[in-house]
Amino acid sequence: MRIAAGLSLLALLLAGCVTPPSPPDAPAASATARKPVPLEDKYAQNGDIRIHYVASGKGPLVVMIHGYPDFSGSWSLLTPVLNDAYRVVAMDTRGYNLSSQPVGVENYEMPKLVADVAAVIKAEGYEKATVIGHDWGGSISWMFAFTHPEMLDNLIILSTPHPSLFMEQMRTNPAQQASSQYARNFQKEGSEAGMTAEGLARRVQDPELKAKYIEAFNRSSFTAMMNYYRANYPKTVGPGAKRPFVPDNPPPINVPLLVIHGMKDTALLSAGHAGIWEKASKDTSLLMVPDAGHFVQHDKPDLVNNTIRNWLDMHKPGG
Amino acid sequence: MLRAAVAGVSLLALSLAACSPQPGASTTAAVEAPKPAPSLEDKFATSADGTKIHYVASGEGPLVVAIHGFPDFSGSWTKLTPALNDSYRFVAVDTRGYNLSDQPEGVANYAMPKLVEDIDAVIAAEGRDKATVIGHDWGAAIAWNYAFAHMDKLDNLIIMSVPHPAFFGRQLANSPQNSDYARNFQKEGSEKNLTAEDLAGWVQDPEMKPKYVEAFGKSSFAAMMNYYRANYPAGANAPPANAPPPSFPKIAVPLLVIHGMKDQALLSSGHNDTWEQAAKDTTVLMIPDANHFVQHDAADLVNKTIRSWLDARRPTE
């Protein structure tokens, strides 16, 4: 008993000393030198829907939300950069990997996707979180900020313009209108018919990660993936373009905001982020990365993940 | 119980001893004893036309040159200096006409190429090939132009408040009334209305204010106005209506832009699409409750952001 107490004290102390406050000039690689923090597979319940997530670390809660076509593994490089000082949670959004896959377009409407995030935060026993979202996860994050501001510490968005600025682009920018054609194809009935797990994972370069993506996509519902577009993406472009569920004049973002964008993104154009700071009432940081595409967190992991860590430390909740 | 406590203490000592050496860990300030604050050195550089440029230097490491605007002086960086000089060689310039730098007469002596050469002279006086350049207001205009003229001598570029020159014309066209003050400054005799006390009117900090009044007492008001007469792209300097849009070399180093959104002289919208003018990563930090002197209004956020951004892009010496 005493030995056990001594050992746990030792473990605590060692855990304390292998993760010294990292010097500000520590390169990202130092994260891999840290003792790995164990990953836990967990589930949150939102009504009948079960949301799977991977959790690790202790500290202020950070919830990360992937996009299409992706899964919780999208954050495998960011997780060890954060989990020595934060409680880091990577969700599988509904329809993907180990989360529930309800049938029917209506089950993928934005308010339900947002409620899944709130359920994860509650399942972790927290009242607030920093929310990070990419692509559809970015859309969910914006909407979470509009509807649950009291549950938000900070907001970090990868790639996805603020809904109001995006709709402005969809109404007026021919380049963005053309870039959105893929999404209108996804909305069509039967669009999932030709999809394969291997095809969806084609963009993933790292062979080890690719295998994990194929495994996750094989467990996922392709119909669900398309239902995100059917339920939530604007049906038309031009002056009358409308976006379901998102208010025309959403409230300003009232927490610190970090937006990161790969300028080679051909689905979501950089121009959609111009003036983003007008939509925020706290400080806004915008990082534009010229030689990265849509999956900016994979194309430039060191720059993106270091920026997130440094920015988050500066805006650390309660710190 | 006692034995358990002793065992616990020795375990504690053991594990603390085990972690203190940290072999292989990169040098950390946490392990070393805190160093005394680097001393400030008053130094001078001689520009290409013979003008003497005063600057305050401190610290060791990659060179960082900070350039103030109007109405300001090297003391504008009093709070940024200790945020950087434990790990960087930090230099705060008095631009020509201000404080302890020479005050040549005549509008022509304040043309942008001369202001740019002053910075080049400071970097050379420090014996360096390259620097991170930080500029605010006119100092930012000089910093942008330093980049266009001497891109190969830049490590990083940090701009406060002033839009990229490619977008300045757009701003002047969209909101000409916000530049009325500059057109008034361009008028002959505009310096006659200026006093050191009035120029320091924006300074809130009671400790800083007398230093500003003293520095402005040593400065040339005509020189301050000559920056506008020689360089502000409105009034007499406005490009002809049918002029083609100007083009600039892409910023080839990481770029950080910081802006106070309450700034009425330079509007936030001027920074839209700045990233289109850059070949490396661009970071824009917008601060809603800060005004034109953003490095004073939001000193903590601004200086921490600069330090953390710079550390992530630290030049190899």
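Everything numeric in this text was worked out from a predicted model, so none of it was measured.

Enquirer: Would you explain the overall build of chain A in this entry?
Expert: Scanning chain A from terminus to terminus reveals 13 helices and 8 strands. Within chain A, the proportion of its 319 residues that are buried is 47%. Nonlocal contacts in chain A, meaning residues at least 24 apart in sequence, comprise 73% of its contacts between residues at least 6 apart.

Enquirer: Can you help me understand the overall build of chain B in this one?
Expert: Each helix and strand in chain B was counted, giving 11 helices and 8 strands. Put simply, chain B has 317 residues, and 44% of those count as buried. Considering only contacts in chain B between residues 6 or more positions apart, those separated by 24 or more positions represent 74%.

Enquirer: Explain helix 10 (residues 207-218) of chain A to me, please; I cannot follow it from the model alone.
Expert: Side chains that are three or four residues apart share a direction in an α-helix, a result of its 3.6 residues per turn. With 12 residues, helix 10 of chain A should reach 16 Å at 1.5 Å per residue; the first-to-last C-alpha distance of 16 Å fits that figure. The inward-facing, buried residues of helix 10 of chain A abut helix 9 (197-200) of chain A.

Enquirer: Is there a simple way to explain the packing of helix 4 (residues 110-123) of chain A against helix 5 (residues 136-147) of chain A in this structure?
Expert: To characterise two packed helices, one gives the angle between the axes of the helices and the distance between these axes. All names here are of chain A. Running from N to C, helix 4 and helix 5 cross one another at 80 degrees; their axes reach a closest spacing of 9 Å. With respect to their mutual orientation, helix 4 and helix 5 come out roughly perpendicular. Here Met110, Leu113, Val114 and Val117 of helix 4 lie close against helix 5, whose contacting residues are Ile140, Met143, Phe144 and Thr147. Class assignment for the residues of the contact of helix 4 with helix 5 results in 7 nonpolar, 1 polar and no charged.

Enquirer: So what exactly am I meant to see when it comes to helix 9 (residues 221-231) of chain B here?
Expert: Residue and element names in this part refer to chain B. Most of helix 9 sits inside the fold, with 8 of its 11 residues counted as buried. Looking at helix 9, one finds that the buried residues are Ala223, Met224, Met225, Asn226, Tyr227, Tyr228, Arg229 and Asn231. Check the buried side of helix 9 and you find it contacts helix 3 (112-125), helix 4 (138-149) and helix 6 (180-186).

Enquirer: Please explain unusual backbone geometry as it appears in this structure.
Expert: Most of the time, phi is negative for any residue but glycine, and the peptide bond is trans. Cis geometry marks the peptide bond from Tyr68(A) to Pro69(A); its omega dihedral reads -20 degrees. Within the secondary structure, Pro69(A) is located in the loop between strand 3 (61-65) and helix 3 (79-82). Within the chain, Ser161(B) stands out as a residue other than glycine whose phi angle is a positive 80 degrees. Here Ser161(B) shows up in the loop between strand 6 (154-160) and helix 5 (165-174).

Enquirer: So what exactly am I meant to see when it comes to the nonpolar core here?
Expert: Nonpolar side chains tend toward joint burial in soluble globular proteins. Residues Val63(A), Val89(A), Val65(B), Val91(B) and Ala143(B) are the most contacted members of the largest nonpolar core, which totals 141 residues. Residue contributions to this core peak at 8 residues, all from helix 4 of chain B. The contact partners of Ala143(B), leaving out residues within four places of it in the chain, are Ile67(B), Val133(B), Ile134(B), Gly135(B), Leu157(B) and Ile159(B).

Enquirer: I'm lost on the pairing of strand 5 (residues 131-136) of chain B in this one. Help?
Expert: Both faces of the sheet carry side chains from a regular strand, because those side chains alternate between them. Residues and elements named next belong to chain B. Along strand 5, 6 of the 6 residues are buried, which leaves the element largely enclosed by surrounding structure. Judged by which residues are buried, strand 5 turns out to be covered on both faces: Ala131, Val133 and Gly135 on one side and Thr132, Ile134 and His136 on the other are all buried. Sheet topology note: the strand 3 (residues 63-67)/strand 5 ladder contains 4 bridges and is parallel. Its bridge partner being in strand 5, Ala66 is matched across the sheet by Ile134. Across 6 bridges, strand 5 lies against strand 6 in parallel orientation. Bridged to His136 within strand 6 is Met160. One crossover worth recording links strand 5 to the parallel strand 6 by way of helix 4, and it is right-handed.

Enquirer: I would appreciate a short explanation of the packing of helix 3 of chain B against helix 4 of chain B in the present structure.
Expert: Residues and elements named next belong to chain B. Two elements in contact, helix 3 and helix 4, have axes whose closest approach is 9 Å; the angle formed by their N-to-C orientations is 80 degrees. The pairing of helix 3 with helix 4 is recorded here as roughly perpendicular in orientation. Each of Met112, Leu115, Val116 and Ile119 in helix 3 lies in contact with helix 4, whose residues at this interface are Ile142, Asn145, Tyr146 and Ala149. For the contact of helix 3 with helix 4, the residue count by class is 7 nonpolar, 1 polar and no charged.

Enquirer: Just checking my understanding: could you explain the environment of Leu157(B) for this structure?
Expert: Residues and elements named next belong to chain B. On the secondary structure map, Leu157 appears in strand 6. With 25 C-beta atoms packed within 10 Å, Leu157 lands in the buried category. Those residues in contact with Leu157 that lie beyond four places of it in its chain are Val133, Ala143, Ala147, Ile251, Val253 and Leu255.

Enquirer: Help me out: how do you make sense of the pairing of strand 6 (residues 152-158) of chain A in this one?
Expert: Residue and element names in this part refer to chain A. The buried fraction of strand 6 amounts to 7 of the 7 residues, a majority that puts the element mostly inside the structure. Pairing of strand 5 (residues 129-134) with strand 6 involves 5 bridges; the strand directions are parallel. Paired with His134 across the two strands is Leu158, which belongs to strand 6. With helix 5 bridging strand 5 and the parallel strand 6, this β-α-β connection has right-handed handedness. Here strand 6 pairs with strand 7 (residues 257-262) via 4 bridges, running parallel. Paired with Ile157 across the strands is Val259, a residue of strand 7.

Enquirer: Would you take a moment to explain the environment of Ala175(A) for this structure?
Expert: Along the chain, the position of Ala175(A) falls in helix 7 (residues 174-179). C-alpha separation for the pair Ala175(A) and Thr266(A), spaced 91 residues apart in sequence, amounts to 9.6 Å.

Enquirer: Hey, could you run me through the confidence of the model for chain A in this one?
Expert: Close inspection of predicted coordinates is inappropriate in any region flagged by low pLDDT. Residues of chain A with pLDDT of at least 70 account for 89%, and the chain-wide mean is 90. Note that pLDDT drops below 50 for residues 1-32 of chain A; the model gives that stretch 38 contacts with residues more than four away or on any other chain.

Enquirer: Before we go on, may I ask you to explain the environment of Leu152(A) in this structure?
Expert: Residue and element names in this part refer to chain A. Examined against the element boundaries, Leu152 turns out to sit in strand 6. According to the C-beta neighbour criterion, Leu152 is buried, with 20 such atoms within 10 Å. Here the alpha-carbon distance between Leu152 and Val62, two residues 90 residues apart in the chain, equals 9.9 Å.

Quick notes on the rules
Residues numbered from 1 in each chain as written. Chains lettered and ligands numbered in written order. Predicted model: local features only at pLDDT ≥ 70, side-chain atom pairs only at ≥ 80, totals over all residues. Helix = DSSP H or I, 4+ residues; strand = E, 2+ residues; numbered from the N terminus. Buried ≥ 20, exposed ≤ 12 C-beta atoms within 10 Å, placed from the backbone. Contact = placed C-beta atoms within 7 Å. Expected span 1.5 Å × (residues − 1). Axes fitted to C-alpha atoms, helices over the stretch in contact; angles between N-to-C directions. Parallel < 35°, antiparallel > 145°, perpendicular 65-115°, else oblique. Nonpolar A, V, L, I, M, F, W, Y, C, P; charged D, E, K, R; others polar. Core = buried A, V, L, I, M, F, W, Y, C linked by C-beta atoms within 7 Å. Pairing = 2+ DSSP bridges. Right-handed = clockwise from strand over helix to strand, strands pointing away. pLDDT = per-residue confidence, 0-100.

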